[in-house]
Amino acid sequence: MSAHEAVPVSLAEIARIAGVGRAAVSNWRRRHDSFPTRIGGTDVSPQFSLSDVEQWLQNNGKLRGIGGRELLWPRFEALGSRNESGLAIAETARRMHSPKARTAPPELSAQARDLVSEAARVGRKEGPREVFEFLLQRWLETHVRQLSTTPPPLAALMARIALAVRLGPARDGLTLLDPACGTGHLAAAAVQEYDRPGLEILACERDTALAALAAGRFAFLAEDHDIRTRVESADALRDDPFAGSKADIALCNPPFNDRDWGYAELATDQRWTHGLPPRTEPELAWVQHLLSHLEPGGAAVIVLPPAVASRKAGRRIRGSLLRTGALRAIVSLPPGSAQPHSVSLQLWVLRAAPDGSAAAPPSQDALLVDATRFARPGTREPSPAWDSLGSYVLSALTALDQPDQEPPQSAVRVPLLDLLDDEVDVTPGRYTMPTAEPSRAELAGKWDEFESLLTDLMDHTRRLSALDFEAGTPQTTTTVGDLVKAGALTLRAGQQPQESAAPVSGAAVPFLTIADLLHDGTPGGTVPSGSAPAMAEEGDVVVAGVARAFKAWVHQGPPTALGPQLYILRVDAEKLEPYFLAGCLCAPANGRQAGTHASSSSRVDIRRLQVLQLPLERQTVYAETFRRLRTFDELLATAGGSGKGLVSDMTDRLAAGGLPA
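Residues numbered from 1 in each chain as written. Predicted model: local features only at pLDDT ≥ 70, side-chain atom pairs only at ≥ 80, totals over all residues. Heavy atoms only, no water.

Participant: It is not clear to me how the sheet that holds strand β20 (residues 560-562) should be interpreted in this structure. Could you clarify?
Facilitator: Hydrogen bonds between backbone atoms are what pair the strands of a sheet, whose relative direction is either parallel or antiparallel. Spatially, the 4 strands line up as an open sheet ordered β16-β15-β20-β17, and their pairing is mixed. Either end of the sheet is taken by a strand with one partner, and the two such strands are β16 (525-528) and β17 (535-536). The pairing of strand β15 (residues 508-512) with β16 spans 4 bridges and is classified as antiparallel. Looking at the pairing, Val 509 lines up with Val 527 of β16. (Pairing = 2+ DSSP bridges. Helix = DSSP H or I, 4+ residues; strand = E, 2+ residues; numbered from the N terminus.)

Listed below in structure tokens is the structure:
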């Protein structure tokens, strides 16, 4: 264990190794005199020797069921250099694919080479792909401030757009280009979206560690898909390794605001058919680089900051892209779609002119799509409603080559004459129209619906207000923890599925998080069922274990994966009634008593929540009232939203002079 001795680990890292919460580790440290002494850090953030911690966990039975990969990561992190740890993880992937390989990149130290050999042995024991995915994800999380990755939902959307917009029949053997591939998120998404054999991937990345990790990722993808890959470590603008190669589709999330992109040495480059990009417009260099590699009719999708659509320096190139029909559509994304998360990034959809003398002339309009309304406000970390966003964008783009089809709301086909002015500003928000005012018939229908809601509310009001709460002896209660021990229910905690470097089996299922509950309660995304450690089935009681979103309910509908701080309680039907249990648990006073701190961001200790002790037949009576109370709450919220909508619509009509003279 000598290789471990100098490796420091924090309390949080020990918790991850042992698969428990940090509070549990702090408890072990207080209760056990044998717990390792700290070797560094501070009293508030102590650090311990990995070898001592591993030995203590082993001696105390805390490592049962824990894989060796958890013990590997602190040693990779201890290498210090982002570049060396990334190259070491990539070399681990290569060793797992080729067990007889012995040579290692010269950049790796002796310590890193020893670690690679050990990691490869762990991978061959626990699963090469699983170990690589784990190490890659931890590396990305550790260096998140230094890296800009494309979120998987955005990568999947970009791949779908490129495949849909490309001209020509579907066929086997397409070629994909990503000239700034990072660790391969975009190409990995395209592999999942392309349902035919023979995909060829041409990927380039100037960061050697990222390029090596992408190559490792693609090697695992090739085990399940008929793909050919070529990954080069180079600066695609200055030294294009694929010069002369053509691609059917191209995807790119290039570096933003990179003033040192090669303006001086590339002034006469043949790629600039739409004009030499100004020094301050590197993104337009990437746009033209992609177009230069497209086959006739090929499509490209690129992520760009919104300023590229309106900056004065780039208006000449934007005008040329529009006149030639190369720039077909621009989609404004909601904030939070990718880094930087505070900015409403854009997708530019490009297409090369089709081949042949009979090719259609360049289009006389461009499609501008404002999808910013799919933001999900009220969350600490903004994230779009990906399913709704993807469906909307793909639906809007179907109007691209169908002049007779009317684009959906917040999408508009703009004639080039309106775009080619002095500014050539192609920001979608400048051209998309607000929702039309409701008609007289629509307003009347909304008032009828509101009146029906009020009638239902009054019915529930009469029934609930008639309940007689008699004073008497306090009822006996028990806790969720005691019910678990008694076998009356089982408790499972939700988790965040790890981002996978390779496909995970299982159909897509809804994924619910605390952020979703704070927004509108609707699952904001999907995950493969095989990657979901906690699935709520119909009839399960779900509890949100955080004070600001505390609630409990009986799950209805399809199986749903749960994220962190959400819990599943599955009852024994002969001992507990689900609606009775959910009603007891969701009492606000119950949540306050079980909270760990006074702040709204504190956790709620699920095991401490109180439940009335009643026979099953009495539980049924309580359950019916709890159900009615919940229905009343839902009606109240619906009526409130409907009423606010009516106020807004009526105000618009009045302000427009809608009253008769």
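Following the structure, the description resumes.
Participant: I tried to follow the pattern of salt bridges on my own but got confused; where do I start?
Facilitator: Opposite charge on two side chains makes pairing possible when the charged atoms of those side chains draw close. The full count for this structure, using the stated rule, is 29 salt bridges. One salt bridge in this structure joins Arg 230 and Glu 232, with 3.0 Å as the shortest N-O distance. Residue Glu 232 is classed as partly exposed on the basis of its relative accessible area, which comes to 26%. Two residues, Glu 423 and Arg 430, come together in a salt bridge whose shortest N-O distance is 3.0 Å. Judged by its relative accessible area of 44%, Glu 423 is partly exposed. Salt bridges here are not isolated pairs; linked through shared partners, they connect Arg 206, Asp 235, Arg 238, Asp 258, Asp 260 and Glu 265. (Salt bridge = Lys/Arg side-chain N within 4 Å of Asp/Glu carboxyl O. Buried < 20%, exposed > 50% of the residue type's maximum accessible area, 1.4 Å probe, protein only.)

Participant: Could you clarify how one ought to interpret the state of the cysteines in this entry?
Facilitator: For the coordinates displayed, the defined rule picks out 0 disulfides. Of all cysteine sulfurs, the one in Cys 181 lies closest to Cys 204, which takes part in no disulfide; the gap is 7.0 Å. On the basis of relative accessible area, Cys 204 is assigned to the buried category, the value being 0%. Free cysteine Cys 586: the closest other cysteine sulfur is in Cys 584, separated by 8.5 Å. With relative accessibility at 32%, the residue Cys 586 sits in the partly exposed group. (Disulfide = S-S within 2.5 Å.)

Participant: Before we go on, may I ask you to explain the nonpolar core in this structure?
Facilitator: Within soluble globular proteins, side chains that are nonpolar tend to cluster in buried spots. Residues Ile 161, Ile 201, Leu 251, Leu 347 and Val 393 are the most contacted members of the largest nonpolar core, which totals 49 residues. A total of 8 residues in this core trace back to one element, the largest contributor, which is helix α8 (residues 152-165). When sequence neighbours within four positions are dropped, the list of residues in contact with Leu 251 reads Met 158, Ala 159, Ala 162, Leu 176, Leu 177, Asp 178, Pro 179, Leu 186, Ala 190 and Val 301. Cys 204, Ala 309, Ile 330 and Val 414 belong to the second largest nonpolar core, which has 43 residues in total. (Core = buried A, V, L, I, M, F, W, Y, C linked by side-chain atoms within 4.5 Å. Contact = heavy atoms within 4.5 Å.)

Participant: Teacher, can you tell me more about the packing of aromatic side chains here?
Facilitator: Two numbers describe a pair of aromatic rings. These are the distance of the centres and the angle of the planes. Scanning the model with the defined rule gives 9 aromatic pairs in all. With a centroid separation of 5.0 Å and 70° between ring planes, the pair formed by Phe 35 and Trp 56 is classed as edge-to-face. Separated by 21 residues along the polypeptide, Phe 35 in the loop between α2 (22-31) and β2 (40-41) and Trp 56 in helix α3 (residues 50-59) bring together distant segments of the chain. For the ring pair Trp 261 and Tyr 263, a centre distance of 6.1 Å and an interplane angle of 70° mean the geometry is edge-to-face. Clustering of aromatic rings is evident, with ring pairs tying together Trp 28, Phe 35, Phe 48 and Trp 56. (Phe/Tyr/Trp six-rings, centres within 6.5 Å; stacked < 30°, edge-to-face > 60°.)

Participant: Looking at this structure, I do not really get helix α13 (residues 386-397). What am I missing?
Facilitator: Owing to its 3.6 residues per turn, the α-helix brings residues three or four apart onto one side. Between its first and last C-alpha, α13 extends 16 Å over 12 residues, near the 16 Å set by a 1.5 Å rise per residue. Within the sequence span of α13, burial applies to Trp 386, Leu 389, Gly 390, Tyr 392, Val 393, Ala 396 and Leu 397. Angular distribution of buried residues about the axis of α13 spans 165°; they occupy a single face of the element. (Expected span 1.5 Å × (residues − 1). Arc of directions from axis to C-beta.)

Participant: Help me understand the packing of α8 against helix α9 (residues 185-193) in this model?
Facilitator: Two quantities define a packed helix pair, namely the angle between the axes and the distance from one axis to the other. Orientation of α8 relative to α9, taken along the N-to-C sense of each, is 60°, at an axis distance of 8 Å. When the axes of α8 and α9 are compared, the pair comes out oblique. Seen from above, α8 lies across α9 with right-handed handedness. Contacts between α8 and α9 pair Ala 155, Ala 156, Met 158, Ala 159, Arg 160 and Leu 163 from the former with His 185, Leu 186, Ala 189, Ala 190 and Glu 193 from the latter. For the contact of α8 with α9, a count of residues per class yields 8 nonpolar, 1 polar and 2 charged. (Axes fitted to C-alpha atoms, helices over the stretch in contact; angles between N-to-C directions. Parallel < 35°, antiparallel > 145°, perpendicular 65-115°, else oblique. Left-handed = near helix turned anticlockwise from the far one by under 90°. Nonpolar A, V, L, I, M, F, W, Y, C, P; charged D, E, K, R; others polar.)

Participant: I tried to follow the pairing of strand β10 (residues 346-351) on my own but got confused; where do I start?
Facilitator: A regular strand places its side chains so that they alternate between the two faces of the sheet. For β10, the buried fraction is high: 6 of the 6 residues fall into the buried class. Taken together, the 6 bridges between strand β8 (residues 294-304) and β10 define a ladder with antiparallel strand orientation. When the sheet's bridge partners are listed, Ala 300 is paired in β10 with Leu 350. With 5 bridges joining them, strand β9 (residues 327-332) and β10 adopt antiparallel strand pairing. Directly across from Val 331, in β10, lies its bridge partner Leu 347.

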